[in-house]
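Chain by chain, the residues run as shown.
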Amino acid sequence: MIVILKQEARQEQIEKLTAFFNKMGLKIHLSQGKHSTIMGLVGDTTRIDEDMIATLDDVEAVRRIQEPYKKANRKFHPADSVIDCGGVKLGGGMFQIIAGPCSVESEEQIIAVAKAVKEAGATLLRGGAFKPRTSPYAFQGLHGEGIRLLLEAKKATGLPIVTEIMDANHLPLFEDVDVIQVGARNMQNFELLKELGKCNKPILLKRGLANTLQELLMSAEYIMAGGNENVILCERGIRTFETATRNTLDLSCVPVLHQLTHLPVIIDPSHATGVSRLVKPMSLAAAACGADGLIIEVHNDPKHALCDGAQSLTPEEFADVAARVQAVRACIS
Ligand code: PEP
Ligand code: MN
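Just so we're clear, the structure is a prediction, and the values are computed from it rather than from any experiment. (Residues numbered from 1 in each chain as written. Chains lettered and ligands numbered in written order. Predicted model: local features only at pLDDT ≥ 70, side-chain atom pairs only at ≥ 80, totals over all residues. Heavy atoms only, no water.)

Things to note about the coordination of the manganese ion (ligand 2)
Those protein atoms acting as donors to the manganese ion (ligand 2) are Cys-102 (SG), His-271 (NE2), Glu-297 (OE) and Asp-308 (OD), and they sit at 2.0 to 2.4 Å. One chain supplies every donor to the manganese ion (ligand 2), and in sequence these donors are spaced C-x168-H-x25-E-x10-D. In this pair, His-271 is assigned in helix α8 (residues 269–273) and Glu-297 in strand β14 (residues 293–297), connecting sequence segments 26 residues apart. Residues His-271 and Glu-297 agree in their burial class; the two are buried. (Donors = N, O, S within 2.8 Å, 3.2 Å for Na, K, Ca; no water. Helix = DSSP H or I, 4+ residues; strand = E, 2+ residues; numbered from the N terminus. Buried < 20%, exposed > 50% of the residue type's maximum accessible area, 1.4 Å probe, protein only.)

Listed below in structure tokens is the structure:
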């Protein structure tokens, strides 16, 4: 971090600031020129509030030259992280497709979809039991019963399961869940992230509707700082001025995140576009740009789905997407 002092900064103030930073365990490289004085802060600056420093007397500006996230930072962990999702490895060249309905609706539905997506090449099963809905009158999910049905589907197919948590108090219900999803709306629910940092299960962390990649990485850092380094990042579209799609898929996040972090990055083309017809081209594009996996909504009867039917693929459509995605992967590897 670099602190630029005002031109009129007095020696006494420089000494005071030096003592202040030294007390925080930082070393100072002082560069005093004719027109400006620059203090280079050396050490762990992750705990420093740059906005606060900027308000100090005689400080002109503060620039961060190192990212505020440490555990998620590729600089400190050059190798790709590979996350073990109930025996299925994701990341570092291990590409996985997570598929299943938006919500678990019944035993027949989840078992039928689980068998179909497995047959088509999915390696993990998704399904919401706790649903974050915009309307309080919309279907909210089957809660604990939904998780029980997912476990039945796991028993029937062997597929590890991925499902969303909305409240840390529900954690005991997630004991047998293989991957816990944090949805876009909870990306910055810091108390929830802290609790998930204490468990050792993989966490699928979705990017918030209006969050930057740095904010996504800071949320991953919350989980990792608590001791749980099993984090998978997921881009699911962000809010822009565009209305032709439900959200705008920021595919450039894949190479950007791969440069910044060692954590795997997967793409959710279903929530990103909101339109089933767009899921295939975006899945192929995600595979082409190096994503570590996909999470795709599949329903055995999309027209009658209780949630997100418009973006859900039929099992037949999913089988086509999964096969084409593997063809793209073979081309780029
Ligand atoms: C979901 O995966 O069903 C979901 C609600 O996703 P998101 O948090 O990305 O909207
Ligand atoms: Mn959904």
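This is not the end of the story, as more comes after the structure.
Let's talk about the pattern of salt bridges
Using the criterion set out here, one finds 19 salt bridges in the structure. Between Glu-50 and Arg-64 there is a salt bridge, and its shortest N-O distance comes to 2.6 Å. With Glu-50 in helix α2 (residues 50–54) and Arg-64 in the loop between β4 (59–63) and β5 (83–85), this residue pair connects regions lying 14 residues apart in the sequence. Accessibility expressed as a relative area gives 29% for Glu-50, which makes it partly exposed. Each of Glu-145, Arg-148, Glu-152 and Lys-155 takes part in a single network of salt bridges with overlapping partners. (Salt bridge = Lys/Arg side-chain N within 4 Å of Asp/Glu carboxyl O.)

A closer look at a nonpolar patch on the surface
A surface patch of nonpolar side chains, amounting to about 230 Å² of accessible area, comprises Phe-20, Met-24 and Met-52. Following the sequence through the fold, Met-52 ends up in helix α2. (Patch = residues over 30% accessible without salt bridge, like charges linked within 9 Å, V, L, I, M, F, W, Y side chains within 5 Å. Areas by Shrake-Rupley, 256 points an atom, 1.4 Å probe, with all protein chains shown as cover.)

Here we look at helix α1 (residues 11–23)
Given a rise of 1.5 Å per residue, 13 residues ought to cover 18 Å, and the 18 Å separating the end C-alpha atoms of α1 matches this to within 8%. Regarding α1, the residues found buried are Gln-13, Ile-14, Leu-17 and Phe-21. Seen end-on, α1 carries its buried residues on one side only, within an arc spanning 100°. Relative to its buried face, α1 has exposed residues pointing more than 90 degrees away, namely Lys-16 and Lys-23. Just downstream of α1 lies Gly-25, where phi reads positive at about 85°. (Expected span 1.5 Å × (residues − 1). Arc of directions from axis to C-beta.)

Side note on helix α4 (residues 144–157)
Since one α-helical turn is 3.6 residues long, residues separated by three or four positions face the same way. The terminal C-alpha atoms of α4 lie 20 Å apart, and with 14 residues this matches the ideal 20 Å at 1.5 Å per residue to within 8%. Here α4 has its buried residues at Gly-146, Ile-147, Leu-149, Leu-150, Ala-153 and Thr-157. Summarising the axial view, the buried residues of α4 lie within an arc of 160°, below the 170-degree limit, and thus occupy one face. Those residues of α4 that are buried are in contact with α3 (107–120), β8 (124–126) and β9 (161–165). (Contact = heavy atoms within 4.5 Å.)

Looking at the domain arrangement of the chain
Per the domain assignment, the segments making up the chain are domain 1 (2–63) and domain 2 (83–332). Inter-centroid distance (C-alpha atoms) of domain 1 to domain 2 is 44 Å. (Domains from an automatic or database assignment.)

Things to note about the side chain of Glu-164
Among the secondary structure elements, Glu-164 is positioned in strand β9. Lys-131 is the oppositely charged side chain nearest to the buried, salt-bridge-free Glu-164, at an N-O distance of 4.9 Å. Within the structure, Glu-164 has its side chain in polar contact with the side chain of Gln-181 (distance 3.4 Å). (Lys, Arg positive; Asp, Glu negative; His and termini not counted. Polar contact = N/O pair within 3.5 Å; in protein donor to acceptor, adjacent residues only side chain to side chain.)

Some remarks on the site of ligand 1
With respect to spatial proximity, 13 residues lie near ligand 1, and among them Arg-126, Lys-131, Ala-184, Lys-206 and Arg-236 are the closest. One nitrogen or oxygen atom from the side chain of Gln-181 is found 2.9 Å from an oxygen atom belonging to ligand 1. Contacts to ligand 1 include His-271, whose side-chain N or O atom sits 3.3 Å from an oxygen atom. Taken by itself ligand 1 offers 300 Å² of open surface, and the protein chains cover 97% of this. When grouped by side-chain class, the residues that make up the shell around ligand 1 number three nonpolar, three polar and seven charged. (Near = heavy atom within 4 Å. Nonpolar A, V, L, I, M, F, W, Y, C, P; charged D, E, K, R; others polar.)

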